[in-house]
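Coordinate analysis (summary)
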Amino acid sequence: MAMVSREYDLIIYGATGFTGLRTCQYLARSYTEGVRWAIAGRSVQKLEEVREKLVAINPALSSLPIIKADASSPESLEAMTAQTKVVISTVGPFMQYGEPLVAACVKQGTHYVDSTGEAPFVNNIIHKYHKEAVDKNVILVPQCGFDSVPSDIGTKMVVDFIRKEYGLPTKSVKASLLSFRGAASGGTLASICNIIAEKQGGVGAMVDQNQLVPESVHDKLIPAKISMPTVHYDYDFQKWQTYFVMSSSNEKIVKRSHGLAVEANGDGYGPQFTYNETMSASGLVSAATAAIGMGIGGAALTIGPLRRFIQNRFMPAPGEGPSDEAIAKGRFTVHVIGESTLPENTEGAADAKPVRVLAVIQGGDPGYAETCRYLVEGALCLVKSEDLIRSENKVKGGVLTPAYAFGQILVRRLLDRNVNLTVSKL
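Residues numbered from 1 in each chain as written. Predicted model: local features only at pLDDT ≥ 70, side-chain atom pairs only at ≥ 80, totals over all residues. Heavy atoms only, no water.

The name an unreviewed UniProt entry gives the chain is Saccharopine dehydrogenase NADP binding domain-containing protein, with Linnemannia schmuckeri as the organism. UniProt annotates the chain under Sequence similarities (unreviewed entry) with the comment "Belongs to the saccharopine dehydrogenase family." (UniProt positions renumbered as here; feature names shortened; annotations may be inferred.)

Moving on to the overall build of the chain. A tally of regular secondary structure across the chain gives 15 helices and 14 strands. Among the 426 residues that make up the chain, the fraction classed as buried is 55%. Long-range pairs, those at least 24 residues apart, make up 79% of the contacts in the chain with a sequence separation of at least 6. Carbon and sulfur atoms provide 53% of the accessible area of the chain, an area that totals close to 17,900 Å². (Helix = DSSP H or I, 4+ residues; strand = E, 2+ residues; numbered from the N terminus. Buried < 20%, exposed > 50% of the residue type's maximum accessible area, 1.4 Å probe, protein only. Contact = heavy atoms within 4.5 Å. Areas by Shrake-Rupley, 256 points an atom, 1.4 Å probe, with all protein chains shown as cover.)

Further remarks concern the pattern of salt bridges. The final tally for this structure, using the stated rule, is 16 salt bridges. Its salt-bridge partner being Lys128, residue Glu99 comes within 3.2 Å of it at the nearest N-O pair. In this pair, Glu99 sits in helix α5 (residues 99-108) while Lys128 sits in helix α6 (residues 119-135), placing the two residues 29 residues apart along the sequence. Accessibility expressed as a relative area gives 22% for Glu99, which makes it partly exposed. The salt bridge involving Arg412 is made with Glu392; its shortest N-O contact spans 3.3 Å. Taken together, the positions of Arg412 in helix α15 (residues 408-416) and Glu392 in helix α13 (residues 366-392) put the pair 20 residues apart, joining distant regions of the chain. (Salt bridge = Lys/Arg side-chain N within 4 Å of Asp/Glu carboxyl O.)

All right, on to the sheet that holds strand β7 (residues 170-181) then. Strand order across the open sheet formed by seven strands is β8-β9-β10-β7-β11-β12-β14, with mixed pairing between neighbours. Strand pairing shows two members of the sheet lacking a second neighbour, β8 (232-234) and β14 (420-425), which therefore form its edges. Strand-to-strand twist of the sheet, defined as the mean angle between neighbouring strand axes without regard to direction, takes the value 30°. When β8 meets strand β9 (residues 239-242), the two strands line up antiparallel, connected through three bridges. Each bridged residue has a counterpart across the sheet, and for Tyr233 the counterpart in β9 is Trp240. Against the sheet, α13 makes contact with β7, β11 (331-340) and β12 (356-364), and its axis sits at roughly 110° relative to β12, the strand it touches most. (Pairing = 2+ DSSP bridges. Axes fitted to C-alpha atoms, helices over the stretch in contact; angles between N-to-C directions.)

Here we come to the environment of Glu277. Within the element layout of this structure, Glu277 appears in strand β10 (residues 274-281). On the accessibility criterion, Glu277 (4% relative accessible area) is buried. In this structure, the C-alpha to C-alpha distance between Glu277 and Ser151, residues 126 residues apart in sequence, is 8.3 Å. In this structure, Glu277 is in contact with Ser151, Ala175, Ser227, Phe244, Met246, Ser247, Asn250 and Glu251, ignoring residues within four places of it in sequence. Polar contacts involving the side chain of Glu277 include one to the side chain of Ser151, which spans 2.8 Å. (Polar contact = N/O pair within 3.5 Å; in protein donor to acceptor, adjacent residues only side chain to side chain.)

Glancing now at the pairing of strand β2 (residues 37-41). The element β2 is largely enclosed, with a buried count of five among its five residues. A two-sided burial pattern is seen for β2, the buried positions comprising Trp37, Ile39 and Gly41 on one face and Ala38 and Ala40 on the other. As paired elements, strand β1 (residues 8-13) and β2 share four bridges and run parallel to each other. For Tyr13, the partnering residue across the bridge sits in β2 and is Ala40.

Glancing now at the pairing of strand β5 (residues 111-114). Burial along β5 is two-sided: the face carrying His111 and Val113 and the face carrying Tyr112 and Asp114 are both buried. Bridge count for strand β4 (residues 84-89) against β5 is four bridges, and the pairing is parallel. In the sheet register, Val87 faces β5, and the bridge partner there is Tyr112. The pairing of β5 with strand β6 (residues 139-141) spans two bridges and is parallel. The residue of β6 that forms the bridge with Val113 is Val141.

What follows is the structure, given as structure tokens:
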């Protein structure tokens, strides 16, 4: 289904929210021309206030179009999505508010990128909309923020490097959030509460790392459970490792990327491919404290009344978040280490060694500098390079991932924006 000409290249839906506003600001600063865009949300008055803030960045945005659209009104979402090639959504928690927009995008043939980290939401839209999106050539890319671009694209970088430079499949990848400084908004924390509650309370599919892989290849992948709160020392990362709150969601996205590749070419990242993710700690005590705290906190969040009390009493409300000064001080470093299978005819040889590769992903504040960058640059992959996505990445449509849909096209865009992404042999 070829997309007819649209009035806008992209619309940022949820522009009045904390992440939405900063996504608008990134776009206003980075692309003063060449992108036809609009902002959308429930309140025209609040959207006008957002536009005033954007005019301070770029006076030409005084006429930036405003679109009233609301998740409770499917008709308004369909009218909005009919006007644009791509929608960026920052409206969470996505389990509560996300699905109507996905439905509208599929109906109108509009591509979609979002900032969710909620695997239950992704699982839901896969089951409801993936097949129709494939049939209509509509590309839907959830988890295109800090959850899960560093994990997903970092893995893609090491897998591609090992295959290109050495002609070998990848046997295993592990990632660690080596350092981190950042704060979360109310909407982000509400989404994290949903994720923790699912993980601690769930069984079966919810703890299956392969939950999001295509059903047609599920049995071809090595069974694996999501990482649980544990502590160990890793000699590659040279730090104690502990549980990372977003590891379960990131692991499922990486495995979906692999599963989609298996479905497409029969091999994916490699027939023995595994992935796991942790967070580095300064020492054993801090690692153990984090793991124990997550276990206790996660158990508390499975109790509905207690979870609501914690959210209402101790967490910022949706739309609230850290100051500009706090965001400016944010930063992160993720290391991703991939290991190849042994070269052919070397199994059992005393000197046979796999190839080992390191990708380093660094950036500013994870939630409000880099998430906004990833969202915009991912959307612009669809705006500027859709033909290349379809020819180079062999993508048709469906509920995809940043690595599978965008891959090296997104890597190149990020490098062009001076993002620190490197990959090299260990």
